[in-house]
Amino acid sequence: MKVIFLLIIYQIIIFQANAQWIKQVSNTDASFRSVCAVTDKIVWIGGSKGTFLRTIDGGKIWKINQILGAETLDFRDVHAFDAKVAILMSAGEAEKGNAKFYRTIDGGKSWKGVYQTDQKGIFFDGIDFWDKQNGLAFSDPIDGKFFILRTKDGGKTWFPINPKNIPKIQENEAAFAASGTSLITVGRKDAYLCTGGGEFAQIYKTKNQGENWSVVKTSMPAGKTNGLFGLRFWNDHYGIAVGGNYQEVTKEIPNVLITTDGGKTWQDSPQTNPAGLKEGVSIYKQKILIAVGPSGTCYSKDFGKSWIEIDKTPLHAISISGDGIWAVGGKGSVFRLNLEELDR
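What comes next is a walk through the structure. (Residues numbered from 1 in each chain as written. Predicted model: local features only at pLDDT ≥ 70, side-chain atom pairs only at ≥ 80, totals over all residues. Heavy atoms only, no water.)

Here we look at the sheet that holds strand β13 (residues 159-160)
Then step 1. With respect to topology, four strands assemble into an open sheet ordered β10-β11-β12-β13, the strand pairing being antiparallel. Both edges of this open sheet fall to β10 (124-129) and β13, since each of them pairs with a single strand only.
Then step 2. Bridge analysis of strand β11 (residues 135-142) against strand β12 (residues 145-151) gives seven bridges, and the strand direction is antiparallel. Following the sheet pairing, P141 is matched in β12 by F146. (Pairing = 2+ DSSP bridges. Helix = DSSP H or I, 4+ residues; strand = E, 2+ residues; numbered from the N terminus.)

Re the side chain of D74
Then step 1. Structurally, D74 can be placed in strand β6 (residues 74-80).
Then step 2. Polar side-chain contacts of D74 include one of 3.5 Å to the backbone nitrogen of S48.
Then step 3. In this structure D74 touches S31, G47, S48, M89, S90 and A91, once residues within four positions along its chain are discounted. (Polar contact = N/O pair within 3.5 Å; in protein donor to acceptor, adjacent residues only side chain to side chain. Contact = heavy atoms within 4.5 Å.)

A word on the pairing of strand β14 (residues 183-186)
Then step 1. Burial along β14 is two-sided: the face carrying L183 and T185 and the face carrying I184 and V186 are both buried.
Then step 2. Bridge count between β14 and strand β15 (residues 190-194): four bridges; the pairing is antiparallel. Bridge pairing links L183 to L193 in β15.
Then step 3. Where β14 hands over to β15, the hairpin turn is made up of three residues, of which G187 adopts a positive phi near 65 degrees. (Buried < 20%, exposed > 50% of the residue type's maximum accessible area, 1.4 Å probe, protein only.)

Thoughts on the pattern of salt bridges
Then step 1. Enumeration according to the criterion identifies nine salt bridges in this entry.
Then step 2. Ionic pairing is found between K285 and D323, a salt bridge with its closest N-O pair at 3.3 Å. Of the two residues, K285 is situated in the loop between β22 (280-284) and β23 (288-292) and D323 in the loop between β26 (317-321) and β27 (324-328); the sequence distance between them amounts to 38 residues.
Then step 3. When its relative accessible area of 40% is taken as the criterion, D323 is described as partly exposed.
Then step 4. One salt bridge in this structure joins K312 and E309, with 3.1 Å as the shortest N-O distance.
Then step 5. Residue K312 is classed as exposed on the basis of its relative accessible area of 53%.
Then step 6. Judged by relative accessible area, E309 falls into the partly exposed class, the value being 25%. (Salt bridge = Lys/Arg side-chain N within 4 Å of Asp/Glu carboxyl O.)

As for unusual backbone geometry
Then step 1. Here N273 and P274 are connected by a cis peptide whose omega angle stands at 5 degrees.
Then step 2. By the element assignment, P274 lies in the loop between β21 (267-268) and β22.
Then step 3. Of note, the phi angle at K49 is positive, near 60 degrees, even though the residue is not glycine.
Then step 4. One non-glycine residue, D143, lies in the positive phi region at around 55 degrees.
Then step 5. When you line up the elements, D143 lands in the loop between β11 and β12.

Next up, the structure:
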């Protein structure tokens, strides 16, 4: 037992010694809340001021640009299919011209507006895809229900889901456009979205690509500025939701939920370390969870039963593909996590 204990301690020390964020040169002060790693080399990032970044060589060179005519927009989510095709989602009040989707097929050289609305109350929170054709996007509620869009042609066109198939919200319930992971697709047909704003955080689920939705009330207290911010599943049954309070980002409040039955039920899990708001979470090689937020970064090697601090760098979103672990934050912050010793 002593040998096993010492081995575990040694592995943790090795991970901590070599798990550190390496800052990238972004050449912008835009704020970033969305990142999509297609591979460990191909990464897309969306941000404020109509800004997007792309690398195709693992961060050696970043292409930075603004979409013409979109300089006032804040791209809170991005989904990329490869080095050439990607979709950016703008968050903001629709009545002020901020609810727009753009699509590129040439690596960002040109962009086409593929959706926009000025319907009062719409504020988009997330977008995700099951495959190169089928995807979803959702907004804060309209008339007591979340506004959900679906595409069947890779984001070229979008149509609304029938509100009759969407549960009614709690009073004041909404979602947070903070990390691009308040909506996620899982497997071939499942998808989840998480909320705050109401009395308790809730998680909505579809099993048929958005046509019908159910909702689970969780034990996590919520409110105007707190609730769930990000989701991640590592197979059809096991998943995690993280959150906190965006006005008190270091406050020690419940911020982790775990499911082992495909989202039917969610159980409280130990708070992260550091505690406080966690907006994004992802998984490395199907065995190590990594959570980021304004209060810092931590990892778990036991699927959320315990957490170990990496550092207190304030970050908003994380995306992992292969050996590429990427995260973004305010003032042009783009990082890659160095894990050279992790698998040794």
